[in-house]
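# Understanding the architecture of this molecule
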Amino acid sequence: MTVASRTFDVIVIGGGHAGVESAVAALRAGASRVGLISSSVQTIGTMSCNPAIGGIAKGTVAREVDALGGIMGRATDRAAIQFRMLNRGKGPAVWAPRAQCDRALYRQSVQDLLADIEGITLVSATVGALVFGPDGAVVGVRTLDGAIFSARAVVVATGTFLRGQIYIGTEICSPGGRAGEPPSTELAQQLQERGFTTARFKTGTPPRIDGRTINRELLTRQDSERDAFDFQWSRFGSRVDPLPQEPCWLGWSSDATKQVVADNLTRSAMYGGVIGARGPRYCPSIEDKVLRFPDAARHQVFLEPEGLSTTEMYVNGLSTSLPPDVQVTMLRTVPGLEQVEMTRPGYAIEYDYYDPTGLYPSLESRRIPGLFFAGQVNGTTGYEEAAAQGVVAGINAGRRVAELDPVVFGRENSYIGVLVDDLVTRGVDEPYRLFTSRSEFRLTVRQDNAIRRLAPLAMELALYDEAEQCVVDARLSAEDRITRAARETSIDPDASEPVLRAAGSTAIPHAMRIVELTRRNGVSLAALLDAAAVPLGDDRDAVISVELELKYSGYMVRERNAAERLRSLGDVQIPHDTGFADMRSLSTEARHKLEVRRPVTLAQAAMIPGVSPSDLQNLVLELARTRRVPAESIAP
């Protein structure tokens, strides 16, 4: 470990998705020197679990990270070997991008992108402890070999490495943050001794198989849509030629699969009494599926390619901690896998996480100034959730160094805001995963309009360089131009007839403005503009956003009004020393919840379970009575 300087503005511990985005965001937000410390710099950007980015809600988050200057989308476009826009049958409002990546190329792409960013130093070392100043604030880190690195802010983004323990069956157990890599024990011990509320979660991986040993005739092929889409909606990165595209394969478990699992549950690490921690409800192991859904005849199994230079495939849907011999038997009960060869067994991993309600919405610790947490250490699961937290923690760490106020992302304008608000306000009792149902504003917070929603904030925070600013200006200008064209251009009956007929819509008796016809069910804005000879050029992506805004304008007005009310609640700060326990006009439950959660804004208070609308109204009056906020400042 040799670096030119041991003094940084911000230090990030961990080189996973949260750590990488933290480092990039901190530099963009005000830090000039960022140290990214990983036990092995060669593994920075590793996809620890499945080789895919995006999905329902997750794809929107990845594009929000992209819109804020993150590198997840850029690395994905460089490494994608399959792209699918999920939910295309349900209409653009709920489309969700998902890309299958070459695992090795994704890691290399992340490292190449980091290498191009001046100001980020990669340090190969294991952090053993945080270093604190006389006032209790964090001032740096100490590595296991005794080296001390100083910083004005530190982001802990250690993933599953804090006291990580790997299990395969009930007899194979080894310390590890992931297969083949040691855990971080000393840092975990120090944080616990410092009073952080520590608990354990578990997650799991499926076995890997040799793709040459599967029978594709018994599986359903899923081809790529890469020619139609890129992952970066913002087009920030230089356009890259698509890699050769690979199909995924869909299969199903059988009654025999279910029987093998049921017969061997006592040999599973999870159900044999070895692991007691909770796992992700929405990404269950095959053991969970068999026990929780006993009446299900079968479960989906997705075979996903690991890369272009390997025949190995990821068996999505069969996450397990059964012994290796049982895993092979189980795999061969899946139609199409009767002769399959397992290349690596699946395993479960148990690790420490910290109660996220101990964080401010900036993801800074309430306990230790200058210390931020991001990723699975906050009780989440998933690459995209980790990257989102990395952006928030990194931006605020950089702003702390620059002596600027923290930034809070609202539920009303991003899934990132939903994620962070859920974590710091409600906490977790199982690994947290994002879903569209978690957002109250999912019609206006979509994957296609991430730039429109977040570019104003990114520009305010000066997160873009000059080239990126030009990309943003061009995209927003295209949307404005298309909106004007739809509102101002009329189309005659003859030109519109084929478009309306294709949509099963009634022909028009006279010329009408395109905006009026676009609001009809199934009628395509792009088709109408083409029929009216309005040139679109390369702006067809922007057309999708404009079409949604026009089609659902009435619903969106109501949703945006609700969002504005929530945003106004977020503008009202609650002083940190507020005595909620003494506010007798609030219900007993509300006083208790507020005292424990310590919300910093009225919006946060409103999201706490047990705080009713009347409690919120009384809270405003209580704060006004002590002249901490004017009563007329907000109408809950």
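Only a predicted model underlies this, so the values are computations on that prediction, with no experimental measurement involved. (Residues numbered from 1 in each chain as written. Predicted model: local features only at pLDDT ≥ 70, side-chain atom pairs only at ≥ 80, totals over all residues. Heavy atoms only, no water.)

## Concerning the overall build of the protein
From N to C terminus, the protein includes 20 helices and 23 strands. By the compact-globule yardstick of 26 Å for 636 residues, the protein fits well, its C-alpha radius of gyration being 26 Å. Reported as C-alpha extents along the three principal axes, the dimensions of the protein are approximately 75 × 75 × 55 Å. Counting across all 636 residues of the protein, residues that qualify as buried make up 57%. Considering only contacts in the protein between residues 6 or more positions apart, those separated by 24 or more positions represent 72%. Approximately 25600 Å² of the protein is accessible, and the part contributed by carbon and sulfur atoms is 50%. Between the averaged position of the 70 positive side-chain charges in the protein and that of its 77 negative side-chain charges there is a distance of 3 Å. (Helix = DSSP H or I, 4+ residues; strand = E, 2+ residues; numbered from the N terminus. Rg over C-alpha atoms; globule rule 2.2 N^0.38 Å. Buried < 20%, exposed > 50% of the residue type's maximum accessible area, 1.4 Å probe, protein only. Contact = heavy atoms within 4.5 Å. Areas by Shrake-Rupley, 256 points an atom, 1.4 Å probe, with all protein chains shown as cover. Lys, Arg positive; Asp, Glu negative; His and termini not counted. Charge placed at Lys NZ, Arg CZ, Asp CG, Glu CD.)

## A look at the pattern of salt bridges
Applying the stated criterion to the full structure yields 37 salt bridges. Arg33 is the salt-bridge partner of Asp9, the closest N and O atoms lying 3.4 Å from each other. Here Arg33 lies in the loop between helix 1 (17–29) and strand 2 (34–38) and Asp9 lies in the segment before strand 1 (10–13), a separation of 24 residues in the sequence. Residue class for Arg33 comes out partly exposed when judged on its relative accessible area of 38%. Between Asp480 and Arg452 there is a salt bridge whose closest N-O contact spans 3.1 Å. One end of the pair, Asp480, is in helix 12 (residues 466–488); the other, Arg452, is in helix 11 (residues 450–460), with 28 residues separating them in the sequence. In this structure Asp480 comes out as partly exposed when scored by relative accessible area, which is 34%. (Salt bridge = Lys/Arg side-chain N within 4 Å of Asp/Glu carboxyl O.)

## Observations regarding the side chain of Ser319
Relative to the elements of secondary structure, Ser319 occurs in the loop between strand 18 (312–316) and helix 8 (324–331). With a relative accessible area of 11%, Ser319 lands in the buried category. Apart from residues lying up to four places away in sequence, Ser319 is in contact with Gly204, Thr205, Pro206, Pro284, Ser285, Ile286 and Glu287.

## As for the nonpolar core
By size, the foremost hydrophobic cluster in this structure holds 115 residues, and its most contacted members are Val10, Leu130 and Leu371. Among the elements that make up this core, the one with the highest residue count is helix 9 (residues 383–401) (10 residues). (Core = buried A, V, L, I, M, F, W, Y, C linked by side-chain atoms within 4.5 Å.)

## Some words on the sheet that holds strand 8 (residues 138–143)
One open sheet accounts for three strands, arranged 7-8-9; its pairing is antiparallel. The outermost strands of the open sheet, each flanked by one partner alone, are strand 7 (127–132) and strand 9 (148–150). Across the sheet, the mean angle separating the axes of adjacent strands is 25° when strand polarity is ignored. Strand direction decides the pairing type here: strand 8 and strand 9, joined by three bridges, are antiparallel. Its bridge partner lying in strand 9, Arg142 is registered against Ile148. (Pairing = 2+ DSSP bridges. Axes fitted to C-alpha atoms, helices over the stretch in contact; angles between N-to-C directions.)

## So, unusual backbone geometry
One non-glycine residue, Arg163, lies in positive phi territory at about 55°. Along the polypeptide, Arg163 turns up in the loop between strand 10 (153–156) and strand 11 (165–168). You will see that Ala462, though not glycine, has its phi angle at about 60°, which is positive. With respect to the helices, strands and loops of the structure, Ala462 is situated in the loop between helix 11 and helix 12. For Ala462, a relative accessible area of 53% gives the class exposed.

## Concerning the sheet that holds strand 16 (residues 248–252)
Here six strands make up an open sheet; going across it, the order is 15-16-17-18-14-19 and the pairing antiparallel. Each edge of the open sheet is held by one strand with a lone partner, namely strand 15 (220–222) and strand 19 (342–344). Shown here is a sheet whose adjacent strand axes are inclined to one another by a mean of 35°, direction ignored. With three bridges connecting them, strand 15 and strand 16 associate as antiparallel partners. By the bridge assignment, Arg221 is partnered in strand 16 with Trp249. The sheet strands contacting helix 8 are strand 14 (208–210), strand 18 and strand 19, and the helix crosses strand 19 at an angle near 140°.

## Examining the packing of aromatic side chains
For the structure on display, the rule yields five aromatic pairs. Measuring from centroid to centroid gives 6.2 Å for Phe8 and Phe149, while their planes differ by 25°, and the two rings are stacked. In this pair, Phe8 is assigned in the segment before strand 1 and Phe149 in strand 9, connecting sequence segments 141 residues apart. For the pair Phe8 and Phe149, a shared accessibility class is recorded, and that class is buried. Their ring planes at 65° and their centres at 6.0 Å tell us that Phe196 and Tyr354 sit as a pair that is edge-to-face. One end of the pair, Phe196, is in the loop between helix 5 (186–193) and strand 13 (198–204); the other, Tyr354, is in strand 20 (residues 348–354), with 158 residues separating them in the sequence. Look at Phe196 and you get buried, because its relative accessible area is 10%. Grouping aromatic residues by their ring pairs yields a cluster made of Phe196, Tyr354 and Phe373. For the cation-ring pair, Arg298 lies above Trp252, with the distance from its terminal atom to the ring centre recorded as 3.8 Å. Above the face of the Phe196 ring, Arg367 is positioned so that its terminal group lies 5.7 Å from the ring centre. (Phe/Tyr/Trp six-rings, centres within 6.5 Å; stacked < 30°, edge-to-face > 60°. Lys NZ or Arg CZ within 6 Å of the ring centre and 35° of its normal.)

## A look at helix 3 (residues 72–79)
The periodicity of an α-helix, 3.6 residues per turn, causes residues three or four places apart in sequence to face the same way. For helix 3, the buried fraction is high: seven of the eight residues fall into the buried class. Listed in full, the buried residues belonging to helix 3 are Met72, Gly73, Arg74, Ala75, Thr76, Asp77 and Ala79.

## A look at the packing of helix 2 (residues 58–67) against helix 9
One way to put it is that helix 2 packs onto helix 9 with a least axis distance of 9 Å and a crossing angle of 30°. Taken as axis vectors, helix 2 and helix 9 run roughly parallel relative to one another. The hand of the helix 2/helix 9 crossing is left-handed. Across the interface between the two elements, Lys58, Val61, Ala62 and Val65 from helix 2 touch Glu384, Glu385, Ala387, Ala388 and Val391 from helix 9. Residue classes in the contact of helix 2 with helix 9 are distributed as six nonpolar, no polar and three charged. (Parallel < 35°, antiparallel > 145°, perpendicular 65-115°, else oblique. Left-handed = near helix turned anticlockwise from the far one by under 90°. Nonpolar A, V, L, I, M, F, W, Y, C, P; charged D, E, K, R; others polar.)

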